[in-house]
Amino acid sequence: MYPDQDFEQLTREPPSSASRSPEQVLHEVFGYESFRLLQGEIVQEVVNGGDALVLMPTGGGKSLCYQVPALVRPGTAIVISPLIALMQDQVAALRELGVRAAFLNSTMDYEQARATEYALMTGELDLLYCAPERLIQPRTIDLLHNASLSLFAIDEAHCVSQWGHDFRSDYLQLSMLAQEFPGIPRIALTATADERTRKEIAERLSLTTARHFVSGFDRPNIQYRITPKTNANKQLLDFIKAEHEGDCGIVYCLSRNKVDATARMLADKGYTALPYHAGLDATARARHQERFLREDGVIIVATIAFGMGIDKPDVRFVAHLDLPKSLEAYYQETGRAGRDGKPSTAWMVYGLQDVIKLRQMLEASQGNDQFKRVERQKLDAMLGLCEVTRCRRQVLLRYFGDELEQPCGNCDTCLTPPETWDGTVAVQKALSCVYRTGQRFGVNYLIDVLRGSENERILQSGHQAISTYGIGTELSANEWKSVFRQLVANGYLRADPESYGALQLTEQCRPLLKGEQAIELRKDPVAKKSSSPRSAGKRSGPAIREQITDQAGWDALRACRKELADKQGVPPYVIFHDTTLFDMLERRPETLEQLAEVSGVGAAKLEKYGEVFLQTLREIAQS
Ligand code: ADP
Ligand code: ZN
């Protein structure tokens, strides 16, 4: 899958000189103009030998925070990363930049591991990526004691937290790095950590004196949209067709069956859609992930099993066909869109059945009461985001302790503010219908009773005789569904854990039922065909695809990149990102010096690919 780690080639690279400044490294090696967000400060702290705890959203640019110091400080940086695929991608990308990087993990045979260890001992590595289980072996620790080290970087540091969803016991042992290597700076990085988890990370990794760097969580280029579910497949197709034709994206579903069915449905419509879930064998999973990384326009349909460590920069949309269990999960999954900072969409459909299903799964789960209470709060927060009539981004960010002063202008509720209506009377009718039918029925039956349907079940049960029969003809079945969904989402009704789908009253609904409390409900927007709020987005410019004026030129540059990528067995973005190709097409450099000015073109890539791309650009100019 990846080219052998070829040390002959490595040793020919010039050794990194300790005298370069962080800015020089950023410019010469990575080809970037300036540091982003807190990167500059973090880099300085680590270069000076301090410890750091870095909290930055996905796509914020965490890698540079340790990669730059690794090239500025003498010795080898040890990067602890739990994800082997990600480690291999990062090493491949660094080598493309001419950086002397290698990894140690369980995929290598004895010979390869020995060669890497030898390179470490002889000071031929700038960075060594290492899986945690490998690092904590006494043999590896001995080895590190005999090498010259510049720093330790602990990626995905939240894996040390037992509360989190990615807990890894190997991470707990990483605290020994503080005692074993007291003079070596350590930097821990994560994208998901609330205040409590952050404290836990600092304690468990013995980073108590580390400076904390917390970057805002906002991802302004992601447009958040949540729509009531009517016909999920059709809604998904309409969405992709209207806004993301030919784009690469991820579709999340809760169950394996649904993943398979959705992938088939998309494939039938001519999309390159591949399933990904734990039920597929490892080779199929690896193959699908590979294709997603390497080909253009692939859609992955996946359970949550997919995604951790996918750092493909140009994922243009993340679609949820089922509701995630928490805002943490939602934020992490949607965060895989748009890491390159270009406009992207986080799109979700959700309906009453989702709410009922998740509530029931939670109540039926094994955990103790305290666990369930925490989970319940998380689900409530997720449902709160779905039903909110204000800016979604403000709600999302507040949950993570971030404050956004103004409504964002780039979420569906900002772009098309939902109307509300006085639902007091409708809600009374709905709740008393639940009560009078004995709290034993699901929503469809209840709606039939309210609307005075004459179906078999009702006639047999005698419910046409009760006082709520036929009192709700003013609303359509869909409108009633929306009422019930909001009642369940807001905790006035709950799904009976014993019988599937039966709705029961909760304590909370008493004042509503008695008419002592008024309630405003969200009016679900009626889906209009091909109404894309995208164009109204004001916080980020239009997508790259929409900005391209020279399609033939763009295609030629991408073809050139693909050929180079295939030759080396790496994903295209390892050669150059879309943003770099775009910049090239805009600036039309004619010389190597001009090409070096393009964002993302560092010295090594200039040398390796400069001529090839200049040639392609000349051909574009002539055609
Ligand atoms: P994270 O690990 O925080 O999710 P990455 O380190 O993968 O993010 O960076 C996300 C993207 O942003 C990458 O494509 C990276 O090359 C780019 N990037 C990071 N820092 C800069 C910078 N200072 N200038 C330009 N691009 C940057
Ligand atoms: Zn908004």
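Remember, predicted model here, so these are calculated numbers, not experimental data.

The next point concerns the site of ligand 1. Every one of the 15 residues lining ligand 1 counts as a neighbour, but Tyr32, Gly59, Ser63, Arg339 and His577 are closest to it. Contact distances for ligand 1 include 3.0 Å between an oxygen atom and a backbone N or O atom of glycine 61. Between lysine 62 and ligand 1, the recorded distance is 2.8 Å, taken from a side-chain N or O atom to an oxygen atom. Calculation on ligand 1 without its partners gives an accessible area of 560 Å², and the protein chains cover 84% of this total. Here the shell around ligand 1 takes three residues from helix α4 (residues 62-72), the largest share from any one element. Looking at the shell around ligand 1, its residues break down into four nonpolar, eight polar and three charged.

On to the sheet that holds strand β2 (residues 76-80), then. Strands sit in the order β3-β4-β2-β5-β6-β1-β7 across an open sheet of seven strands; the sheet is parallel. Strands with a single pairing partner mark the edges of an open sheet, and in this sheet they are β3 (101-104) and β7 (211-214). Adjacent strand axes in the sheet meet at a mean angle of 20°, parallel and antiparallel pairs treated alike. Pairing of β2 with strand β4 (residues 127-130), which is carried by four bridges, proceeds in the parallel orientation. Counted as the bridge partner of valine 79 is tyrosine 129 from β4. α4 contacts β2, β4, β5 (149-154) and β6 (186-190) of the sheet and is inclined by roughly 160° relative to β6. Lying on the sheet, helix α6 (residues 110-121) is in contact with β2, β3 and β4; it crosses β3 at an angle near 130°.

On to the packing of aromatic side chains, then. Here the structure, examined in full by the defined rule, presents nine aromatic pairs. Aromatic pair phenylalanine 441 and tyrosine 445: ring centres 4.1 Å apart, planes at 15°, arrangement stacked. Each member of the pair, phenylalanine 441 together with tyrosine 445, is buried. Taken together, the aromatic side chains of Phe239, Phe317 and Trp347 make up a single cluster linked through ring pairs. For the cation-ring pair, lysine 312 lies above phenylalanine 292, with the distance from its terminal atom to the ring centre recorded as 5.7 Å.

Geometry reference: four tetrahedral donors at a metal, ideal angle 109.5 degrees. Six octahedral donors, ideal angles 90 or 180 degrees. Coordination of the zinc ion (ligand 2) by the protein is provided by Cys391 (SG), Cys408 (SG), Cys411 (SG) and Cys414 (SG), with metal-donor distances spanning 2.3 to 2.4 Å. Angles of 102 to 119° at the metal separate the four donor atoms of the zinc ion (ligand 2), which places the site in the tetrahedral class. Mapped onto the sequence, the residues coordinating the zinc ion (ligand 2) show the spacing C-x16-C-x2-C-x2-C. Here the residue cysteine 391 occupies a position in the loop between α17 (369-387) and α18 (392-399), and cysteine 414 occupies one in helix α19 (residues 412-415), the gap between them amounting to 23 residues. A residue is classified by how much of its surface remains accessible, and cysteine 391, at 4% relative accessible area, is buried. Judged by its relative accessible area of 22%, cysteine 414 is partly exposed.

Time to look at unusual backbone geometry. Notably, serine 206 is not glycine yet its phi reads approximately 50°, a positive angle. As for its position among the elements, serine 206 is in the loop between α11 (195-204) and β7. Taking the relative accessible area as the measure of exposure, serine 206 reaches 27% and is therefore partly exposed. You will see that arginine 588, though not glycine, has its phi angle at about 50°, which is positive. You can see arginine 588 is positioned in the loop between α28 (578-587) and α29 (592-596). In this structure arginine 588 comes out as partly exposed when scored by relative accessible area, which is 33%.

This paragraph deals with the pattern of salt bridges. In the structure shown here, the tally under the stated rule is 33 salt bridges. Arginine 186 is paired through a salt bridge with aspartate 51; the nearest N and O atoms lie 3.8 Å apart. With arginine 186 in strand β6 and aspartate 51 in the loop between α3 (39-47) and β1 (52-55), the pair connects residues that are 135 residues apart, well separated along the chain. Each member of the pair arginine 186 and aspartate 51 is classed as buried.

In this section: the domain arrangement of the chain. Annotation of the chain at the domain level lists domain 1 (7-214), domain 2 (222-350 + 388-415), domain 3 (420-522) and domain 4 (543-622). Spacing between the C-alpha centres of domain 1 and domain 4 amounts to 29 Å. Contacts between the two partners involve 13 residues from domain 1 and, on the opposite side, 16 residues from domain 4. Among the residues domain 1 hides against domain 4, the three largest losses belong to Gly31, Asp89 and Glu96. Together they make up 49% of the total. At the boundary of domain 1 and domain 4, one finds one salt bridge. A salt bridge links glutamate 96 to lysine 608, with the nearest nitrogen and oxygen atoms 3.6 Å apart. Every element with two or more residues in the side of domain 1 that touches domain 4 is listed here: α2 (22-28) and α5 (84-96). Considering each element in turn, the side of domain 1 that touches domain 4 owes the most residues, five residues, to α5. Along the lines of polarity and charge, the residues of the side of domain 1 that touches domain 4 split into six nonpolar, three polar and four charged.

Our next topic: the state of the cysteines. Taken as a whole, this structure holds zero disulfides when the rule is applied. Looking at the unpaired cysteine 248, the closest cysteine sulfur is the one in cysteine 253, lying at 16 Å. The thiol of cysteine 386 is not disulfide-bonded; the next cysteine sulfur, from cysteine 411, is found 13 Å away. When its relative accessible area of 3% is taken as the criterion, cysteine 386 is described as buried.

Calculation rules
- Residues numbered from 1 in each chain as written.
- Chains lettered and ligands numbered in written order.
- Predicted model: local features only at pLDDT ≥ 70, side-chain atom pairs only at ≥ 80, totals over all residues.
- Heavy atoms only, no water.
- Near = heavy atom within 4 Å.
- Polar contact = N/O pair within 3.5 Å; in protein donor to acceptor, adjacent residues only side chain to side chain.
- Areas by Shrake-Rupley, 256 points an atom, 1.4 Å probe, with all protein chains shown as cover.
- Helix = DSSP H or I, 4+ residues; strand = E, 2+ residues; numbered from the N terminus.
- Nonpolar A, V, L, I, M, F, W, Y, C, P; charged D, E, K, R; others polar.
- Pairing = 2+ DSSP bridges.
- Axes fitted to C-alpha atoms, helices over the stretch in contact; angles between N-to-C directions.
- Contact = heavy atoms within 4.5 Å.
- Phe/Tyr/Trp six-rings, centres within 6.5 Å; stacked < 30°, edge-to-face > 60°.
- Buried < 20%, exposed > 50% of the residue type's maximum accessible area, 1.4 Å probe, protein only.
- Lys NZ or Arg CZ within 6 Å of the ring centre and 35° of its normal.
- Donors = N, O, S within 2.8 Å, 3.2 Å for Na, K, Ca; no water.
- Tetrahedral: all angles 85-135°; square planar, octahedral: opposite > 155°, others 65-115°.
- Salt bridge = Lys/Arg side-chain N within 4 Å of Asp/Glu carboxyl O.
- Domains from an automatic or database assignment.
- Buried area = accessible area lost by both parts, 1.4 Å probe.
- Disulfide = S-S within 2.5 Å.

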